[in-house]
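Breakdown of the fold
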Amino acid sequence: SSQIASFSHQSHQPPSTPASKEVWKKGGRMFSILLAVHLALLACTLVSSGAFEKIAVHDYDVFFLLTVMMLIVIIWIIFYLAGTSRCPDAILCKDSHAGPIWLRGGLILFAIFSLVMDVFKIGYYSSFYSCLSAIKIIYPIVQAIFVVVQTYFLWISAKDCVHVHLNVTRCGLMLTLTTNLAVWMSAVTDESVHKAHSKLKKNVTEEIFRWLLKAGMRSSSAEECNCNSQICQIFKNGYFWLYPFNIEYSLFASAMVYVMWKNVGRLIDHHSHHIHRLNMLGLIVLVSGLGVLILYEVQVNSSTETSKKSQALTMYYIFNIVCLGLMSLVCIGGSVIYRFDKRDMDRHKNPTRTLDVALLMGAALGQYAISYYSIVAIVASTPRDTISALNLTYALLMIAQHTFQNIFIIEGLHRQPPKEDHKHNSHQKDLYGLTFVNVNAVSLRVPNSSSTLSPSTASGTEAVHPSDLVRSLTAPKKMNWRRKFLREISMFLLLSNIILWIMPAFGARPQFDNDTELNFYGDSMWPAIVDICLPFGIFYRMHAVASLLEVYI
C-alpha cells in the first residue's frame, strides 16, 4: 500500500516543464514563422523584379541575396551538426515516419543532377567571365556546396526530434526552408524566361528579338555576351535541361525541413512502430504517370507534327481525368467513413494545425484560378473538339478533387489520435489517452474512494502497478477496419499527389500546349496567369503529401 501511495503521489505531480515554457514554445514557433515570411517576401520581390527589364533589379542582385542566404544556412548546419553530436541529450528520440527511404533516395537523385547543373553553369559562365559579374560564377559554386552540405544534413538528421537550442533550431530550419523556396522561385523564373525567349526566337528574326528584349522583356546578362563555341552551347543547353531536377530538389528539401521543424521539442513513444505497405493501386498510378510524362515530353517537345501533339494532349488529359476521378471518389469515401469514426474532434486551438489548413487552402487557390480561366475559355470558344471536351472535364475534376481532398485532410487534422481497439481491462481503463508516451514518467488515475489505499478497494478495483502500466503500453495494437481503410486511402492519395506534383514540375504543362486558352486570352496574358498560379498548384501537392504523411501514415 505504501508503494502504491508513493507511486500515486508521484503520478499527480505537475510536469517537469513549466507552463511558461509551453507558452514560449508557441512563441518560438511564431517567431520563426515570421522570420520565414519576411525572408520569403523579400526573396519573392527580388526574383519577380529581376524578371523584367524596366525594373532596376538585375539577376546578379538576386544571385547575391541567394548566395548570402545559402552561406548562412551552411554555417548553421555545421553548428547544428557539431552541437547535437557533442550533447548526448540533444536528440532524445527519432520520428520513424519522417524522412522515409523513398524521400531521401529521391533527394539524393535530384541532388546529383543539381550538382551536374551547377557544373554546367560554372562552365557556361566561365566561357565569358570577362563580361560578367563575379557573382554569376560564385553563385553556382556556393549552390553546389549548399546542395552537398544540406543533402548530408537531411540524410542523417531528417528523423531528429531536437531538445536543445530549440528557438535557434526552429529559426535555422525556417531559414533553410525559406532558402530552398527562394532557390526554387529563382529557378522557376529563369526557366520560364528562357522558355519565353526560345518560343519568341522561333517566331521572329534576331533583330526583332533583340529589340523586344530592349523594349521590356528581361534577358539574362549572359545574353549580351557572345556564346559562339560549341562547348559553350552545350553548357548552356545542358543546365537549362537540368533545371527541373533542381526545382524538385528544392521542393523535396523544403518538405523534409518542414517536418524537422515540426518535430523540434517533440517526444515520441519508442514502442509504436508500424509497418506500412505501398498501396498497389497508387503504385500503378505512379508508374503509369511516369510513362505518360515521358511520352508527353517526347511527343510535344521533339515532334513538330500537329497530330503527335494532339495525341500527347489526349493521352495526358485521359490519364489525369482517371486519376483525379479516382482521387475524388476515395476522398468522398474517406469522408463518409469519418461519419462512423468514434474518435472525438480536437477543438483546441493549435497554431501549427491552423497554419497547415491555411497553407492547404491558400495553395489550392492557384489551381482553382487556372481551372476557372480554362472553363471560361473553353465554354466561350468555338468550335469545340475532343481536346476541348477533355480539357473541360479535366478542369472540372481538378476543382472537385482539390475540394474533396481538402475536406478529407482537414477532417483528419482535427481528429483525436486513434485509440487501441482491443478491450481494456481495469488497469488499462485508468490510463490517460496519450499521443506520445514516456514509460518512465507517466500519469495514472488511481481511484480515490477512501483516504487509505489498499490493493483492492470496496468496489473491486484492483491496484495499478507500474509493471501493468508498461505491459499495457507495449501491448500490440490492433487496428480496426476504419483505420485500415483510411490508411489505404491516404497511401493512394499520397502516391497520386506525388505523380501530379512531378508532372508539371518536369515540364508537362498542357496549359502552354493547348491553343484554346492561348487564342482566347492572348500570348501574353495566359502565360502570365499560368506562371503565377502554377507554382501554387505544385506547392499544394507538396503540402498535401506532407499532411498525409503526418496525419495518416
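Remember, predicted model here, so these are calculated numbers, not experimental data.

Rules of the game
- Residues numbered from 1 in each chain as written.
- Predicted model: local features only at pLDDT ≥ 70, side-chain atom pairs only at ≥ 80, totals over all residues.
- Heavy atoms only, no water.
- Helix = DSSP H or I, 4+ residues; strand = E, 2+ residues; numbered from the N terminus.
- Buried < 20%, exposed > 50% of the residue type's maximum accessible area, 1.4 Å probe, protein only.
- Contact = heavy atoms within 4.5 Å.
- Core = buried A, V, L, I, M, F, W, Y, C linked by side-chain atoms within 4.5 Å.
- Domains from an automatic or database assignment.
- Patch = residues over 30% accessible without salt bridge, like charges linked within 9 Å, V, L, I, M, F, W, Y side chains within 5 Å.
- Areas by Shrake-Rupley, 256 points an atom, 1.4 Å probe, with all protein chains shown as cover.
- Salt bridge = Lys/Arg side-chain N within 4 Å of Asp/Glu carboxyl O.
- Phe/Tyr/Trp six-rings, centres within 6.5 Å; stacked < 30°, edge-to-face > 60°.
- Lys NZ or Arg CZ within 6 Å of the ring centre and 35° of its normal.
- pLDDT = per-residue confidence, 0-100.

1. Overview of the side chain of threonine 176
Within the element layout of this structure, threonine 176 appears in helix α6 (residues 166-203). When its relative accessible area of 0% is taken as the criterion, threonine 176 is described as buried. With near-sequence residues (within four places) excluded, threonine 176 lies in contact with Val73, Trp76, Gln150 and Val257.

2. Notes on the nonpolar core
Core analysis: the biggest nonpolar cluster contains 134 residues, and Tyr124, Phe153, Leu154, Leu173, Phe408 and Leu493 have the highest contact counts within it. Both domains that furnish three or more residues to this core are identified here as domain 1 (28-105 + 141-211 + 255-272) and domain 2 (273-417 + 479-552).

3. Topic: a nonpolar patch on the surface
A surface patch of nonpolar side chains, about 640 Å² in accessible area, is lined by Ile101, Ile108, Ile112, Val116, Tyr152, Trp155 and Ile156. Of all the secondary structure elements, the ones that give two or more residues to the nonpolar patch are α4 (101-126) and α5 (135-157). With 4 residues, the top contributor of residues to the nonpolar patch is α4.

4. Some points on the packing of aromatic side chains
For any pair of aromatic rings, geometry is given as the distance between the ring centres together with the angle between the planes. All chains considered together, the criterion is met by 22 aromatic pairs. Ring centres of phenylalanine 113 and phenylalanine 245 lie 4.2 Å apart, and the angle between their planes is 20°; on these two criteria the pair is classed as stacked. One end of the pair, phenylalanine 113, is in helix α4; the other, phenylalanine 245, is in helix α9 (residues 243-262), and 132 residues separate them in sequence. Seen in terms of ring centroids, tyrosine 125 and tyrosine 239 are 6.3 Å apart; in terms of plane orientation they differ by 45°. Their pairing is tilted. Pair noted here: tyrosine 125 is in helix α4 and tyrosine 239 is in helix α8 (residues 230-241), with a separation of 114 residues, a long-range link. Like tyrosine 239, tyrosine 125 is buried. Three or more aromatic residues link up through ring pairs in this structure, and these residues are Phe110, Phe113, Phe245, Phe252 and Trp501. Taking the ring centre of tryptophan 155 as reference, the NZ or CZ of arginine 104 above it sits at 4.6 Å.

5. Details of unusual backbone geometry
Even without a glycine there, the phi angle at histidine 165 is positive, about 50°. Inspection of the secondary structure assignment puts histidine 165 in the loop between β2 (160-162) and α6. A residue is classified by how much of its surface remains accessible, and histidine 165, at 48% relative accessible area, is partly exposed.

6. Points about the confidence of the model for the protein
For the protein, per-residue confidence averages 75 on the pLDDT scale, and residues scoring 70 or more make up 70% of the total. Across residues 469-477, where pLDDT falls below 50, the model places 12 contacts with residues more than four positions away in sequence or in other chains.

7. Things to note about the environment of glutamate 297
Relative to the elements of secondary structure, glutamate 297 occurs in helix α10 (residues 280-302). Look at glutamate 297 and you get buried, because its relative accessible area is 17%. Taking the C-alpha atoms as reference points, glutamate 297 and arginine 509, 212 residues apart in sequence, are found 9.6 Å from one another.

8. A look at the pattern of salt bridges
Taken as a whole and assessed by the stated rule, the structure comprises 1 salt bridge. Across the salt bridge formed by lysine 309 and aspartate 515, the nearest N and O atoms sit 3.9 Å from each other. Within this pair, whereas lysine 309 is found in helix α11 (residues 306-339), its partner aspartate 515 is found in helix α18 (residues 515-521), the two being separated by 206 residues in sequence. Exposure remark for lysine 309: the relative accessible area of 27% places this residue in the partly exposed category.

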